[in-house]
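Structural description and commentary
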Amino acid sequence: MRISIRMDDITPDMDWTKFLRFKELCDLYQVKPLIGVVPDNQDENLHINSSKIIQPETFWNYIKGLENEGWCIAQHGTTHIYTTKKMGCFPLNRLSEFAGIGYENQLAALKRGRDILLSNGICTRMFMAPAHSFDNNTIKALRKLGFDKMTDGFGQSPYLWRGMTFYPISYQQSSCLKKNSGYTTFVVHSNTMNENDFEHYEKLFDKYKDRLISYTELMEVKVQKRGVLGKAAEYAMALTKYILVNWKSIFKQLKYGISRR
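Described in the following lines is the structure provided in the data block.

What counts and what doesn't
- Residues numbered from 1 in each chain as written.
- Predicted model: local features only at pLDDT ≥ 70, side-chain atom pairs only at ≥ 80, totals over all residues.
- Heavy atoms only, no water.
- Helix = DSSP H or I, 4+ residues; strand = E, 2+ residues; numbered from the N terminus.
- Expected span 1.5 Å × (residues − 1).
- Buried < 20%, exposed > 50% of the residue type's maximum accessible area, 1.4 Å probe, protein only.
- Arc of directions from axis to C-beta.
- Pairing = 2+ DSSP bridges.
- Right-handed = clockwise from strand over helix to strand, strands pointing away.
- Phe/Tyr/Trp six-rings, centres within 6.5 Å; stacked < 30°, edge-to-face > 60°.
- Lys NZ or Arg CZ within 6 Å of the ring centre and 35° of its normal.

A separate point is helix α2 (residues 56-69). Its 14 residues give α2 an end-to-end C-alpha distance of 20 Å, which sits within 8% of 20 Å, the value for a rise of 1.5 Å per residue. Within α2, burial applies to Phe59, Trp60, Ile63 and Leu66. Here the buried residues of α2 occupy an arc of 110 degrees about the axis, which is enough to place them on one side. Seen from the buried face of α2, the exposed residues on the opposite side, beyond 90 degrees, are Glu57, Asn61 and Asn68.

Within strand β3 (residues 72-76), 5 of the 5 residues are buried, leaving the element largely enclosed by the surrounding structure. Residue alternation in β3 divides its side chains into two sets, Cys72, Ala74 and His76 and Ile73 and Gln75, and both sets are buried. Where strand β2 (residues 34-37) and β3 come together, 4 bridges link them in parallel fashion. Looking at β3, one finds that Ile35 is bridged to Ile73. Both β3 and strand β4 (residues 126-128) contribute to a ladder of 2 bridges, which runs parallel. Paired with Gln75 across the strands is Phe127, a residue of β4. After leaving β3, the chain enters helix α3 (residues 103-119) and then returns to the sheet as β4, a path that is right-handed.

Under the defined criterion, the tally for this structure stands at 17 aromatic pairs. With centroids separated by 5.3 Å and ring planes inclined at 80 degrees, the aromatic side chains of Trp16 and Tyr62 adopt a geometry described as edge-to-face. Here the residue Trp16 occupies a position in helix α1 (residues 16-28), and Tyr62 occupies one in helix α2, the gap between them amounting to 46 residues. Take Trp16: its relative accessible area is 9%, and that puts it in the buried class. Since its relative accessible area comes to 26%, Tyr62 is described here as partly exposed. Measuring from centroid to centroid gives 6.0 Å for Phe22 and Phe205, while their planes differ by 70 degrees, and the two rings are edge-to-face. You can see Phe22 sitting in helix α1 and its partner Phe205 sitting in helix α6 (residues 195-207), a full 183 residues away along the chain. Residue Phe22 is classed as buried on the basis of its relative accessible area, which comes to 0%. By relative accessible area, Phe205 is classed as buried at 0%. Positioned over the ring face of Tyr171 is Lys241, at 5.4 Å from the centre of the ring.

Shown next, in the form of structure tokens:
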């Protein structure tokens, strides 16, 4: 599969050392990712570089500079605060900023985030849902505000659903790398990357450099329509992954607890 990159949780006080290190890797292989910018970050977990917070005007100028380099920008929620435990249409997580809070509330929150971006010179039609969680009202509100693209879903190519074009993410990196056809996106959270993670991507980029594409190239791929059966299969895949990941976490905790006795 052809591989694009998206980077989540872009804020003024993110871990800039890790972000810039990953950017160097992208620059080396001439990969232009999609970045999810949080318009008004209120998530304490994303307040990382608190002692050296970049001033707002400097941050937004930097983001504009990335856009001028060919990077793509998505609105990554509004505050990144999880307000419900709804799984939404793509059940990878049991928490959400938007799913379950109603259309009008979602519309108001999403509009505020969009307006913050616009006031800082960022105009995007791409949305990135925190925790991958959204519902049909999220899609309805986004379309009302002029968004027509979302980075989420599973599949081998971009698809159209409810008037929104979805650009699928990888179900599992190893399985995607075994396929010779199709397109996918690897999700990167640079804030939480460790040395092993950087080594993994350095090797991956080098080995599969002929498969790497910029996100702008992904957005040029022909969009296919997806029916109800396709969406049902995607939902089942996401729910299965959620269950497997959680059982794995529980098993590790139990194993750790037993080993300490």
